[in-house]
Amino acid sequence: TIPSIEGRNAAVLLFRRQPDQAESILVQADYVWRAIQLNMDTFRWQRALELAMKQKQHIDAVLAYRSKYLQETGKQETDEKFIKAAAQVSFDWASVQQKRDADIKKEEARGAPYKPTL
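Residues numbered from 1 in each chain as written. Predicted model: local features only at pLDDT ≥ 70, side-chain atom pairs only at ≥ 80, totals over all residues. Heavy atoms only, no water.

1. With respect to unusual backbone geometry
Just so we agree on the cut-off: Helix and strand labels come from DSSP, where a helix needs a run of H or I of at least four residues and a strand needs a run of E of at least two; each type is numbered from the N terminus.
The phi dihedral of phenylalanine 43 is positive, around 60°, even though this residue is not glycine. Considering the arrangement of structural elements, one finds phenylalanine 43 in the loop between α3 (32-41) and α4 (45-55). One non-glycine residue with positive phi stands out, namely histidine 58, at about 65°. Its place among the elements puts histidine 58 in the loop between α4 and α5 (59-73).

So, in structure tokens, the structure goes:
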């Protein structure tokens, strides 16, 4: 389940194929991790990296998930932005998961649980 109203609204926009608007809602609500994850989940890797760099958050996570994706698909990194970022930022999965979990808990604490009205 998605714990926040903004997160649910973003999910609807993503379903309606409006990822830029979905990202905007999440960033305005300070749910940066969810906005970055939205981009990674939709294979908008360059946008995920741009957003992480602009927000100065989760750059290591984008690099980690990109590396995992490339490894699973048997591909090598060819994007210069990712190559440059990987040379400057290191990552370890424990740290990536810890920061991700902290952001998810922050959203859960701030969000209003969904209550069906039926």
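2. Some words on the side chain of glutamate 107
For clarity, the threshold we go by: Buried means the residue's accessible area, taken with a 1.4 Å probe over protein chains only, is under 20% of the maximum for its type, while exposed means over 50%, and partly exposed covers the values in between. Throughout, a contact is declared for two residues whenever any of their heavy atoms are within 4.5 Å.
Summarising the element assignment, glutamate 107 is placed in helix α7 (residues 93-110). Judged by its relative accessible area of 4%, glutamate 107 falls in the buried class. Those residues in contact with glutamate 107 that lie beyond four places of it in its chain are Ile2, Pro3, Ser4, Gly7, Tyr31 and Arg34.

3. Brief notes about the packing of α5 against helix α6 (residues 80-88)
So the rule is basically this: To obtain an axis, a line is fitted to C-alpha atoms, over the contacting stretch when the element is a helix, and the angle between two such axes runs from 0 to 180 degrees between their N-to-C directions. Note on terminology: angles under 35 degrees are roughly parallel, angles over 145 are roughly antiparallel, angles of 65 to 115 are roughly perpendicular, and the others are oblique. The crossing is said to be left-handed when, going from far helix to near helix, the turn is anticlockwise and less than a right angle, and right-handed when the turn is clockwise.
Relative to each other, α5 and α6 sit at 120°, their axes nearing to 10 Å. In terms of their interaxial angle, α5 and α6 are classed as oblique. Relative to α6, the crossing made by α5 is left-handed. From α5, Val62, Leu63 and Arg66 reach across to α6, where they touch Phe82, Ala85 and Ala86.

4. Looking at the confidence of the model for the protein
Here is the rule we go by: Along the chain, pLDDT gives the predictor's confidence residue by residue, from 0 to 100.
A residue-level look at the protein finds 93% of positions with pLDDT of 70 or above and a mean pLDDT of 92. No element of the protein has a lower mean pLDDT than α7, which averages 89, and none a higher one than α4, which averages 98.

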